[in-house]
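Commentary on secondary and tertiary structure
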Amino acid sequence: MDRDGSSSFSSLKTYLLALADTPSRVARRAGSASTSFDEMSRARSRSGSDMRRSLRWFDLVGFGLGGMIGAGVFVTTGSASRLYAGPSVVVSYAIAGFCALLSAFCYTEFAVDMPVAGGAFSYIRVTFGEFAAFLTGANLILDYVLSNAAVARSFTAYLGTALGISTAAKWRVTIPAFPKGFNEIDFFAVIAVLIITVVICYSTRESSVLNMVLTSLHVLFLVFIVVVGFYRGEWKNFTKPADPVHHPGGFFPFGVSGVFNGAAMVYLSYIGYDAVSTMAEEVRNPVKDIPIGVLGSVILVTVLYCLMAASMSMLLPYDLINTEAPFSGAFRGGSDGWKWVSNVIGVGASLGILTSMLVAMLGQARYMCVIGRSSVVPAWFARVHPRTSTPVNASLFLGICTATIALFTDLDILLNLVSIGTLFVFYMVANAVIYRRYVSVGSTNTWPTLSFLFCFSLTSIIFTLIWQFGPSGKPKAFMLGACTVIAIAVLQLFHWVVPQARKPEFWGVPLMPWIPSISIFLNIFLLGSLDGPSYARFGFFSALIVLVYLLYSVHASFDAEEDGSLSHKNGEFMKESNESEDPSLKV
């Protein structure tokens, strides 16, 4: 199409002509992949000023702890235990933590090799191309916004519990005309989000200092809760519900499926380490600091989660747990003479929730900034303020969106939607790290690797469907065993037949391709544990993301390619050996 050098959005006529040309533009741009060189040089230059490299490994560990602890134990534990897993929520956290650790290996390899702020968006863009990256990045930003909104509303609940105030009656305004789940207006949640938005716009370094102070205080509260919980709790609560007539008993009251359903829900707890990877552009020594920061924080948080969940399960039978404020509610409801502890926990939880919001909002802004660099959203989002060295535009926009959702949306409506989006993103990153190791564009055939990823994912999906819907008995066990054998055979055949196209120069996932493949399986398996309405909401938002891509993003990136800002996948690819020739880009 002859555009005469004009933008697709310069007038209504040119936009309509661009829409008519959408199929050819999608064919040209959807699979267009970037390179590490482009992400670390030309794409970064579109932000104007650089982000300041001021973070060390202990900053990253602090961000990881602060980002994960508040969102996990103090938001999802109550719902996961009461509705899905019961006392076996301890095992749910262990499973989710193991799954997160495997995904963290994949993130770390990318972050060390390509220390940019784009996280999963950049990792997918250099492997599977623009459309897959946009779908992944947009889902991840949606996850961040929704999880921050959920955490903000939980902050109100815990602060109310700390002060002995009924949140619903005193601090939330009920509007009967609105549908249930969207009719409780929460102004305190909005205030918390807006204050944190101002903080992260000011400085990343100062945000890190604030996070370290709040996280240190919060960890002390966690140790206090664990010690008091084990001291005051009763072992019988691990197996006996308060109402055995209406609720099943035992450590696994809802069976093995309940454990995995709970693991899928509490997986929201681990979204914090993903935010750590978005700080890679601001880390002084990525080779050393990123692996310690990402992997170390996941391991520490998993241990803390399991201990916290165990102490909560000892304090109260699972059918009495408060889903919005489980820990302070446990002391208030079941520990005579120790009800004051619930007030202390409310204060500590409020601090932890603030730190998790701080870290997650830092991460979501950097994702939006890098997506802006790719031209699939307006370049306004990519601007880095020259004085603060932070993506102010992206921070303000997403902060306002988060505050708006936190104003009226109920906690339970947000959690499962966030879990499904997070699992999808981690699944994509695990696929991407295998693709990047075994495919070198222009010199290797992509089909063996793509065929393996397709077959392994398909086998994992079949296994999950049989597990969820197959009737109990020997036929089900046989089919599950057959799927396991097929998956292992496909994986081992790929390992023997297809050689790795590149080896990481500094840090790589060990036991390739086993670890990322297990991560793929676990993410699919946990996805199968979520309910139908979650998939309906996820499908709706994914369709909306695709619509935005077709109506705006593909045309904006096409214009950028025509202007020379972006390269076409068959045009300006650089081999990995050439990407490292510029010494300024080396880690």
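Residues numbered from 1 in each chain as written. Predicted model: local features only at pLDDT ≥ 70, side-chain atom pairs only at ≥ 80, totals over all residues. Heavy atoms only, no water.

Here we look at the side chain of S122
By secondary structure assignment, the location of S122 is in helix α7 (residues 119-125). Residues contacting S122, with those up to four places away along its chain left out, are E39, M114, V116 and V370. (Helix = DSSP H or I, 4+ residues; strand = E, 2+ residues; numbered from the N terminus. Contact = heavy atoms within 4.5 Å.)

Considerations on the environment of T108
Among the secondary structure elements, T108 is positioned in helix α6 (residues 89-113). In the structure, T108 is positioned 183 residues away from P291 in sequence and 5.8 Å away in space, judged by C-alpha atoms. If we skip the residues at most four places from it in the chain, T108 touches I290, P291, V294, L295 and W507.

Topic: the packing of aromatic side chains
In total, this model carries 29 aromatic pairs according to the counting rule given. Their ring planes at 65 degrees and their centres at 5.1 Å tell us that F131 and Y549 sit as a pair that is edge-to-face. Taken together, the residues span a long stretch of sequence, with F131 in helix α8 (residues 130-162) and Y549 in helix α22 (residues 532-562) at a distance of 418 residues. For F131, a relative accessible area of 27% puts it in the partly exposed group. When its relative accessible area of 1% is taken as the criterion, Y549 is described as buried. Ring geometry for F260 against F525: centres 4.7 Å apart, planes inclined by 85 degrees, an arrangement best described as edge-to-face. With F260 in helix α12 (residues 255-266) and F525 in helix α21 (residues 514-527), the pair connects residues that are 265 residues apart, well separated along the chain. Per residue, the accessibility class of F260 equals that of F525, and both read buried. Taken together, the aromatic side chains of F260, F463, W467, F521 and F525 make up a single cluster linked through ring pairs. (Phe/Tyr/Trp six-rings, centres within 6.5 Å; stacked < 30°, edge-to-face > 60°. Buried < 20%, exposed > 50% of the residue type's maximum accessible area, 1.4 Å probe, protein only.)

Here we look at the nonpolar core
Within soluble globular proteins, side chains that are nonpolar generally end up buried alongside one another. Ranked by size, the top nonpolar core spans 149 residues in total, and within it Y107, Y267, Y270, Y273 and I434 carry the most contacts. Looking at which element gives the most residues to this core, the answer is α6, with 16 residues. (Core = buried A, V, L, I, M, F, W, Y, C linked by side-chain atoms within 4.5 Å.)

Brief notes about the packing of helix α19 (residues 447-469) against α21
Two elements in contact, α19 and α21, have axes whose closest approach is 9 Å; the angle formed by their N-to-C orientations is 35 degrees. The element α19 and its partner α21 pack so that their crossing is right-handed. Residue-level inspection shows F452, L453, F456, S457, S460, I461, F463, T464 and W467 of α19 in contact with α21, the latter providing S517, I520, F521, I524 and F525. A per-class count over the contact of α19 with α21 returns ten nonpolar, four polar and no charged. (Axes fitted to C-alpha atoms, helices over the stretch in contact; angles between N-to-C directions. Left-handed = near helix turned anticlockwise from the far one by under 90°. Nonpolar A, V, L, I, M, F, W, Y, C, P; charged D, E, K, R; others polar.)

Comments concerning the pattern of salt bridges
Pairing is possible between side chains that carry opposite charge, provided their charged atoms lie close to one another. Scanning the entire structure with this criterion turns up ten salt bridges. A salt bridge links D21 to R25; the nearest nitrogen and oxygen atoms lie 3.4 Å apart. Accessibility classification places D21 together with R25 in one group, the buried group. Here R436 ties to D113 by a salt bridge, and the two come within 2.9 Å at their closest N and O atoms. Here R436 is found in helix α18 (residues 411-438), whereas its partner D113 is found in helix α6, with 323 residues between them in sequence. Here the salt bridges share partners, and the residues they tie into one network are R28, R29, E130 and E561. (Salt bridge = Lys/Arg side-chain N within 4 Å of Asp/Glu carboxyl O.)

Digging into helix α20 (residues 474-497)
In this model α20 runs 34 Å from its N-terminal to its C-terminal C-alpha over 24 residues, within 8% of the 34 Å that 1.5 Å per residue would give. Restricting attention to buried positions, one finds in α20 the residues K476, L480, C483, A487, L491, Q492 and F494. (Expected span 1.5 Å × (residues − 1).)

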